[in-house]
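Chain residues, written in single-letter form:
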Amino acid sequence: MTQETESPAAPQADRSPGDAGWAALAGVLAGGAGLAVAELVAAVVAPGSSTLFAGGSAVIDAVPGWLKDFAVQWFGTNDKAVLLGTMGVVLALGAALAGWLELRRPPAGSVLVGAVGVVGAMVAVLRPDATALWALPSIIGLGAAVLLLRAAVARLRPAAAQRASSTSDGAVDRRGFLTVSGIAVGVAALALVGSRVLSAGSTAVSAVREKLRLPTARTTAPAVPAGADLELDGLTPYITPNPDFYRIDTALIVPQLNPQDWSLEVRGLVDEPFTLTWDELLALPLEEHHVTLACVSNTVGGDLIGNALWLGYPIRALLERAKPRAGADMVLSRSSDGFTAGTPLEVLQDPDRESLLAIGMNGEPLPVEHGFPARLVVPGLYGYVSATKWVTSLEVTTFDADQGYWTPRGWSALGPIKIESRIDVPRGSAPAGAVTVAGVAWAQHTGIAKVEVRPDDGDWVTAELAETVGPDTWRQWHVSIDLDAGNHTLAVRATDADGQVQTETEAPPAPDGASGWHTVTVSVG
Ligand SMILES: Nc1nc2c(c(=O)[nH]1)N[C@H]1C(S)=C(S)[C@@H](COP(=O)(O)O)O[C@H]1N2
Ligand SMILES: [Mo]
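Numbering of residues begins from 1 in every chain and follows the order in which that chain's sequence is written. By the order in which they are written, chains take letters starting at A while ligands take numbers starting at 1. The predicted origin of the model limits local features to residues at a pLDDT of at least 70 and limits the giving and counting of side-chain atom pairs to 80 or more, whereas totals for whole chains, interfaces and linings rest on all residues. Computation of side-chain values: all heavy atoms of the structure, hydrogens and water removed.

Looking at an unreviewed UniProt entry, the protein carries the name Molybdopterin-dependent oxidoreductase, with the source organism given as Promicromonospora kroppenstedtii.

As structure tokens, this is what we get:
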């Protein structure tokens with residue numbers, strides 16, 4: 001049946017469903033080749049300027065907070081891969097439609113592809129770090145797609161085919177069509193290989209980072225006490241190794257900043273604005289602090305949290321030099337890719353809080369995806385209001401006049417970290433008898449004073465706390481609980497150094513962080 005309708009031998013070739021399918025394929029091939037050409041041009045202009053990445057970044061900025069939160073909850077750090085995959089499917093469907101339109105309603109297909117190019121160019125030029133050149137990848141790439149599409153679909157039209165060639169069946173120029181399609185595939189492959197070769201920019205910044213030797217700290221962090229890490233199987237280590245450190249940001253392409261071109265501008269409501277270069281920063285007396293960073297999107301029991309040793313210069317000292325004016329109450333930090341965070345000025349000026357312009361993480365330069373060459377780290381505040389990566393400016397301002405990236409997207413302007421605790425072991429099952437229960441608890445900048453575990457509906461049992469370097473990091477804990485065979489539910493709650501007990505009231509991450517007790521079910525036997 002389908003065999004018959006798709007047969008190329010059908011005389012009324014211009015209305016055969018088979019040709020519609022070929023036209024759709026031509027749309028996909030031409031579109032794919034065009035996007036690949038855009039990647040190639042972007043490799044020369046700027047990595048973020050390609051149609052796919054500028055478009056994807058614009059989608060990220062445009063989707064409402066709840067949807068993004070949903071994406072992070074469900075796909076975790078894969079949320080970007082899911083976005084790119086979804087975009088790929090939508091673009092492929094659109095390209096197939098363009099092919100079909102080009103056959104049936106010319107030049108509607110070309111117009112559709114061209115429109116994607118124009119929109120892509122506009123979106124790229126409007127990115128925060130864009131120049132006018134950022135229009136080029138979409139214009140050249142989608143322009144090429146239009147040419148390929150027209151050439152391929154023309155071969156599917158009998159009239160055109162008869163003029164252009166002498167195919168034996170007198171219907172459509174299939175051989176010509178296949179040739180043009182082959183050219184599209186070739187262009188796509190060459191462009192992709194070329195863009196890989198040319199995007200050596202990212203390897204260049206990695207190479208600079210590899211060679212970098214950071215100065216040693218003038219003020220070193222207190223040594224981690226031997227008892228800080230219980231080293232139990234399945235228990236999160238006290239210090240999170242860099243490769244395991246969670247990563248959350250809006251950057252589809254990790255910004256590639258060369259330290260020699262980097263500088264930090266301190267400006268706004270200040271008497272003495274100034275710009276700090278990389279070499280000037282390295283010459284300052286640097287300090288080291290252990291700080292546990294946490295994401296506001298972390299759910300109860302989740303793992304968007306990590307602890308590291310940060311090396312950097314106190315933000316407080318930068319502000320002292322700039323001399324904020326009376327009335328200012330916020331510092332809006334901005335990254336090279338346009339992300340912003342609004343941090344209370346008094347937190348950053350607090351002499352007892354070690355907020356850093358950080359350049360080192362666990363003894364090495366910041367990994368590129370964690371903000372190389374410089375980021376902010378503020379103990380006690382969620383990352384979205386404090387931990388700007390790839391930071392390039394600090395603007396002293398007011399909460400009335402300005403807001404950080406996430407505030408208009410439904411997240412609270414202020415983001416102190418909520419007291420939380422998590423059970424890491426056991427998860428799943430355990431042999432009957434004395435069961436070791438262990439995990440981490442955090443109340444950054446206040447410190448953890450007590451952790452309790454409750455089996456089923458029994459009494460709370462106080463856990464033993466591991467050592468810690470101070471109140472700015474999480475703290476491990478463990479306790480042995482007798483459990484008989486069967487299913488048991490374990491709950492945990494922490495108390496901070498101010499005596500505040502972690503609330504049982506459950507709250508979702510939005511707008512200012514999740515709360516509630518973490519529980520796990522264990523099958524014992
Ligand atoms: N430039 C930039 N900095 C950013 C973000 C971002 O999207 N862009 N996200 C913030 C958020 S929400 C968090 S939780 C932390 C995460 O830092 P990490 O990826 O190093 O763990 O970075 C913060 N800094
Ligand atoms: Mo976050």
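Asker: Sorry if this is basic, but what is going on with the packing of helix H5 (residues 79-104) against helix H7 (residues 136-154) here?
Answerer: Each pair of packed helices gets described by two things: the angle between the helix axes and the distance between those axes. Running from N to C, H5 and H7 point in directions that differ by 50°, and their axes come no closer than 10 Å. Judged by the inter-axis angle, H5 sits oblique to H7. The interaxial crossing formed by H5 with H7 has right-handed handedness. Facing H5, whose interface residues are Ala98, Gly99, Glu102 and Leu103, H7 presents Leu149, Arg150 and Val153. Within the contact of H5 with H7, the residues separate by chemical class into four nonpolar, one polar and two charged. Where helices are involved, their axes are fitted lines through C-alpha atoms of the stretch in contact, as for all axes, and angles between N-to-C directions lie from 0 to 180°. What counts as a helix is a DSSP run of H or I of at least four residues, what counts as a strand is a run of E of at least two, and both are numbered from the N terminus. Here the word oblique covers every angle except those under 35 degrees (roughly parallel), over 145 (roughly antiparallel) and from 65 to 115 (roughly perpendicular). Helix crossings are classified by the rotation of the near helix relative to the far one: an anticlockwise turn of less than a right angle makes the crossing left-handed, while a clockwise turn makes it right-handed. Note on contacts: a residue pair qualifies if any of its non-hydrogen atoms lie within 4.5 Å across the two residues. Charged means Asp, Glu, Lys or Arg here, nonpolar means Ala, Val, Leu, Ile, Met, Phe, Trp, Tyr, Cys or Pro, and polar covers whatever is left, Gly included.

Asker: What is the right way to read the packing of aromatic side chains from this model?
Answerer: Here a ring pair, both rings aromatic, is described through the centre-centre distance and the interplanar angle of the planes. Only the six-membered ring of Trp is used, alongside the rings of Phe and Tyr, when aromatic pairs are assigned; centres must lie within 6.5 Å, and planes under 30 degrees apart are stacked while those over 60 apart are edge-to-face, with the rest tilted. Enumeration over the complete set of coordinates arrives at ten aromatic pairs. Note on phenylalanine 245 and tryptophan 310: the rings are 6.0 Å apart at their centroids and 85° apart in plane angle, and the pair reads as edge-to-face. In this pair, phenylalanine 245 is assigned in the loop between helix H10 (200-211) and strand E1 (263-268) and tryptophan 310 in strand E4 (residues 305-314), connecting sequence segments 65 residues apart. Take phenylalanine 245 and tryptophan 310: they sit in the same class, and that class is buried. Three or more aromatic residues joined by ring pairs form one cluster here, namely Phe339, Tyr384, Tyr405, Trp406 and Trp411. Between arginine 409 and the ring centre of tyrosine 405, over which it is positioned, the NZ or CZ distance is 3.7 Å. Burial classes: relative accessible area under 20% of the type maximum marks a residue as buried, over 50% as exposed, and values in between as partly exposed (1.4 Å probe, protein chains only). Over a ring means this: the NZ of a Lys or the CZ of an Arg is within 6 Å of the ring centre and within 35 degrees of the ring normal.

Asker: Would you take a moment to explain the site of ligand 1 for this structure?
Answerer: Throughout, near means a residue has at least one heavy atom within 4 Å of the molecule or strand. Around ligand 1 lies a shell of 19 residues, among which Tyr246, Thr250, His370, Arg375 and Lys389 are the nearest. Whenever a nitrogen or oxygen atom comes within 3.5 Å of another N or O atom, the pair is scored as a polar contact, on the condition that within protein one atom can donate a hydrogen and the other can accept it, and that pairs from neighbouring residues in sequence are kept only if both atoms are in side chains. A distance of 2.8 Å separates an oxygen atom of ligand 1 from a polar atom in the backbone of threonine 250. Take histidine 370: an N or O atom from its side chain is 2.6 Å from an oxygen atom of ligand 1. In short, Shrake-Rupley with a 1.4 Å probe defines the accessible areas, and a residue's cover is counted only from the protein chains shown. Contact with the protein chains removes 99% of the 530 Å² of surface that ligand 1 exposes when unbound. By residue class, the composition of the shell around ligand 1 is nine nonpolar, five polar and five charged.

Asker: Could you clarify how one ought to interpret the environment of valine 270 in this entry?
Answerer: Tracing the backbone through its elements, the reader meets valine 270 in the loop between E1 and strand E2 (274-277). In this structure, the C-alpha to C-alpha distance between valine 270 and lysine 323, residues 53 residues apart in sequence, is 5.2 Å. In this structure valine 270 touches Ala322, Lys323, Pro324, Arg325 and Val396, once residues within four positions along its chain are discounted.

Asker: Teacher, can you tell me more about the UniProt feature "transmembrane region" (unreviewed entry) in the protein here?
Answerer: UniProt positions are given in the numbering used here, feature names are shortened, and annotations may be inferred rather than shown by experiment. Under the UniProt annotation, the feature "transmembrane region" (unreviewed entry) is placed at residues 20-45, 81-101, 108-126, 132-156 and 177-198. When the span residues 132-156 is considered, its composition is 76% helix and 0% strand, and the gap between its end C-alpha atoms is 38 Å.

Asker: What exactly am I supposed to notice about a nonpolar patch on the surface here?
Answerer: Judged by side-chain polarity, Trp66, Leu67, Phe70, Trp74 and Phe75 come together as a nonpolar surface patch covering roughly 600 Å² of accessible area. Inspection of the secondary structure puts tryptophan 66 in helix H4 (residues 65-75). Residue classification places tryptophan 66 among the exposed positions, given a relative accessible area of 62%. For patch detection, residues must exceed 30% relative accessible area and be free of salt bridges, and they are connected within 9 Å for like charges or within 5 Å for nonpolar side chains (Val, Leu, Ile, Met, Phe, Trp, Tyr). Salt bridge, as applied in this entry: a Lys or Arg side-chain nitrogen positioned within 4 Å of an Asp or Glu carboxyl oxygen.

Asker: Help me understand the pairing of strand E5 (residues 330-335) in this model?
Answerer: When a strand is regular, its side chains alternate between the sheet's two faces. A large share of E5 lies buried, amounting to five of its six residues. Here a strand pair is declared whenever DSSP counts at least two bridges between the two strands. The loop that links E5 with its antiparallel partner strand E6 (residues 340-344) comprises four residues; one of these, glycine 338, has a positive phi angle of about 100°. Judged from the six bridges that link them, E5 and strand E10 (residues 391-397) form a sheet pairing that is antiparallel. Residue pairing for E10: methionine 330 is matched across the bridge by threonine 397.

Asker: I would appreciate a short explanation of the environment of alanine 145 in the present structure.
Answerer: Secondary-structure assignment places alanine 145 in helix H7. On the basis of relative accessible area, alanine 145 is assigned to the buried category, the value being 1%. Taking the C-alpha atoms as reference points, alanine 145 and arginine 493, 348 residues apart in sequence, are found 59 Å from one another. Setting aside its immediate chain neighbours within four residues, alanine 145 contacts Ala30, Gly31, Gly34 and Val113.

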